[in-house]
Amino acid sequence: MNRKLTEHEITRERMALAVAGALDENEERELTAHLSACNDCAVEFDRWRELAGAMRRLPTPQAPPAMVERSRTRMVAHLMARTEQRANHRAMAWLLLFAWTTTLATWPILRFVSSGLSSFLDVSFQHTWHLLIGYTVLSWIAAAAIAAVLGLQHRRERSLA
Amino acid sequence: MIGHAALAWEGPVAVDTEAVRLRRGDPQALVSLLERYQHRLYRFLVRMVHEPETAEDLFQMTWMRVAENCRRFDPNRGIEPWLFSIARNLAIDHLRRARPESLDEPLPSGDSRAEMMAGKQASALEMLMGEQRTSRLIGAIGELPSIYCEVITLRFEEEMKLEEIAEVLDIPLSTVKTRLRRALDALRGKLEHRLPGGELPGWGPQ
């Protein structure tokens, strides 16, 4: 008698999980076996199944189109801004690298062309550092001007797209 | 047969590609995600907060959060649990600010303050949904604490696997099962309490 009651209780406990598909194979088998032998529990389980079915058939509230459109616009704008920011950071890093490479690579050539081979080989010449600083500043001004032109061109292309 | 096999193969490949595009921050990938999940995500938020206006705000915040975090998306993770966990966290934050008691499990002995507010929530949802019987069920779900409400809607409306629910809620699988059982028991109790005679109505097909 006691054992029968326990089996009922266990079955009732498992019904909710059964309709949620959360029983393991063994529990499922035990439940099915009990339901086939116990009419009361079978009726009770039908109620659980009907409730689960009703929940699965609940109507879906439709997302208002205006809200979806607002979300889409804001999301895309945010993404574009982030993408542009990343592109700008990348371009700046490349520009820095390019400017330093150009400055350091062309400096010996400039020295060689302007003063001849003897001056180029003579490391004790006067004003070398002043010239190097001046040349670097000039190079960077040129690089900044190029960056500004490229940036404006990029912005114009984006506004046309 | 071959067609079926091809279709079965296409699914995961398409999702993988989308995940990679998502990580690149491709606006088109996010827009297609928005189009696909708009109603489901909105439904989930409505069920969580019970107020369409608040759900709308949270919906927009969710997609902004998606745009902010998409580059950190782990392609090994499912898109769906990721998306719903973002929405869920925002909803929980809102509920924590608005009415912290709604997050608690109810005491076995008595009603919570959330239940006192439930009449108002249920009537708002009833107006939205129309049908009386459906409204009664939605109302009863709305009366449940959020931790029960979310697990029920994810399982029965979103039809998520238990593992996916565990991922969304960031809890162990065993806890998902426990919550599901308690949530369904509580729902059944609410429905029986609302009806004269304590019997459930026929919930079968209409």
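Residues numbered from 1 in each chain as written. Chains lettered and ligands numbered in written order. Predicted model: local features only at pLDDT ≥ 70, side-chain atom pairs only at ≥ 80, totals over all residues. Heavy atoms only, no water.

So, the overall build of chain A
Thought 1: Across its full length, chain A carries 5 helices and 0 strands.
Thought 2: What you see in chain A, going N to C, is helices and strands ordered as α-α-α-α-α.
Thought 3: Within chain A, the proportion of its 161 residues that are buried is 27%.
Thought 4: Contacts in chain A between residues at least 24 apart in sequence constitute 61% of all its contacts with a sequence separation of at least 6.
Thought 5: Accessible surface, chain A: about 11100 Å² in total, of which carbon and sulfur atoms supply 64%. (Helix = DSSP H or I, 4+ residues; strand = E, 2+ residues; numbered from the N terminus. Buried < 20%, exposed > 50% of the residue type's maximum accessible area, 1.4 Å probe, protein only. Contact = heavy atoms within 4.5 Å. Areas by Shrake-Rupley, 256 points an atom, 1.4 Å probe, with all protein chains shown as cover.)

Regarding the interface of chain A and chain B
Thought 1: Listed per partner, the contact involves 38 residues of chain A and 48 residues of chain B.
Thought 2: The junction of chain A with chain B conceals about 4100 Å² of combined surface from both sides, 67% of it contributed by carbon and sulfur atoms.
Thought 3: Counting across the interface, chain A meets chain B through 4 salt bridges.
Thought 4: The shortest N-O distance in the salt bridge between A:Glu13 and B:Arg181 comes to 3.8 Å.
Thought 5: Counting the contacts that link chain A with chain B gives 8 residue pairs in polar contact (both at pLDDT 80 or more).
Thought 6: Secondary structure elements with two or more residues in the side of chain A that touches chain B: helix 1 (2-19), helix 3 (39-56) and helix 4 (65-121) of chain A. (Buried area = accessible area lost by both parts, 1.4 Å probe. Salt bridge = Lys/Arg side-chain N within 4 Å of Asp/Glu carboxyl O. Polar contact = N/O pair within 3.5 Å; in protein donor to acceptor, adjacent residues only side chain to side chain.)

As for unusual backbone geometry
Residues and elements named next belong to chain B.
Thought 1: The phi torsion at Glu159 lies on the positive side, around 50°, for a residue other than glycine.
Thought 2: On the secondary structure map, Glu159 appears in the loop between helix 7 (146-157) and helix 8 (162-169).
Thought 3: Not every positive phi belongs to a glycine, and Asp170 is a case in point at roughly 60°.
Thought 4: Mapped onto the elements, Asp170 comes out in the loop between helix 8 and helix 9 (173-194).
Thought 5: On the basis of relative accessible area, Asp170 is assigned to the exposed category, the value being 68%.

Concerning helix 8 of chain B
All names here are of chain B.
Thought 1: All of the buried residues along helix 8 are Leu162, Ile165, Ala166, Val168 and Leu169. Each buried residue of helix 8 sits inside an arc of 165° when the element is viewed along its axis, so together they form one side.
Thought 2: Asp170 sits one or two positions beyond helix 8 and adopts a positive phi of about 60°. (Arc of directions from axis to C-beta.)

What to know about the environment of B:Glu68
Thought 1: Among the structural elements, B:Glu68 can be located in helix 3 (residues 52-69).
Thought 2: Taking relative accessible area as the criterion, B:Glu68 reaches 31% and is therefore assigned partly exposed.
Thought 3: Sequence-wise, B:Glu68 and B:Gly25 are 43 residues apart; in three dimensions their C-alpha atoms are separated by 9.0 Å.
Thought 4: Among all residues touching B:Glu68, those that are not within four sequence positions of it are A:His78 and A:Arg82.

Concerning the packing of aromatic side chains
Thought 1: Within this structure, the stated rule accounts for 5 aromatic pairs over all chains.
Thought 2: When the ring of B:Tyr42 is compared with that of B:Phe59, the centres are 6.5 Å apart and the planes differ by 85°; the resulting orientation is edge-to-face. In this pair, B:Tyr42 sits in helix 2 (residues 27-49) while B:Phe59 sits in helix 3, placing the two residues 17 residues apart along the sequence.
Thought 3: Look at B:Phe44 and B:Phe84: their rings are 5.3 Å apart centre to centre, the planes differ by 70°, and that puts the pair in the edge-to-face class. With a gap of 40 residues between them, B:Phe44 in helix 2 and B:Phe84 in helix 4 (residues 79-98) connect regions that are remote in the sequence.
Thought 4: Classification of B:Phe44 by relative accessible area gives buried; the value is 0%.
Thought 5: Following the ring pairs from residue to residue traces out a cluster consisting of B:Tyr37, B:Phe44 and B:Phe84.
Thought 6: The ring of A:Trp48 carries B:Arg188 above its face, with NZ or CZ at 4.8 Å from the centroid. (Phe/Tyr/Trp six-rings, centres within 6.5 Å; stacked < 30°, edge-to-face > 60°. Lys NZ or Arg CZ within 6 Å of the ring centre and 35° of its normal.)

Points about the layout of surface pockets
Residues and elements named next belong to chain A.
Thought 1: Approximately 320 Å³ is the volume found for the second largest pocket.
Thought 2: Every residue lining the second largest pocket is listed: Glu84, Ala87, Asn88, Ala91, Met92, Leu95, Ala147, Leu150, Gly151, His154 and Arg155.
Thought 3: Secondary-structure elements contributing two or more residues to the lining of the second largest pocket are helix 4 and helix 5 (128-160).
Thought 4: Looking at which element gives the most residues to the lining of the second largest pocket, the answer is helix 4, with 6 residues.
Thought 5: Classifying every residue of the lining of the second largest pocket gives 6 nonpolar, 3 polar and 2 charged. (1 Å grid on protein atoms, 1.4 Å probe; cavity = no way out; pocket = protein on both sides within 12 Å on 5 of 7 lines; lining within 4 Å. Points joined across faces, edges and corners; volume = space filled by probe spheres on them. Nonpolar A, V, L, I, M, F, W, Y, C, P; charged D, E, K, R; others polar.)

Let's talk about the packing of helix 4 of chain B against helix 8 of chain B
All names here are of chain B.
Thought 1: It is at 8 Å that the axes of helix 4 and helix 8 come closest, and there the two elements cross at 40°. When the axes of helix 4 and helix 8 are compared, the pair comes out oblique. Viewed along their axes, helix 4 and helix 8 form a crossing whose handedness is right-handed. On helix 8, the residues that touch Pro81, Phe84, Ser85 and Arg88 of helix 4 are Glu164, Glu167, Val168 and Leu169.
Thought 2: Its residues placed into classes, the contact of helix 4 with helix 8 shows 4 nonpolar, 1 polar and 3 charged. (Axes fitted to C-alpha atoms, helices over the stretch in contact; angles between N-to-C directions. Parallel < 35°, antiparallel > 145°, perpendicular 65-115°, else oblique. Left-handed = near helix turned anticlockwise from the far one by under 90°.)

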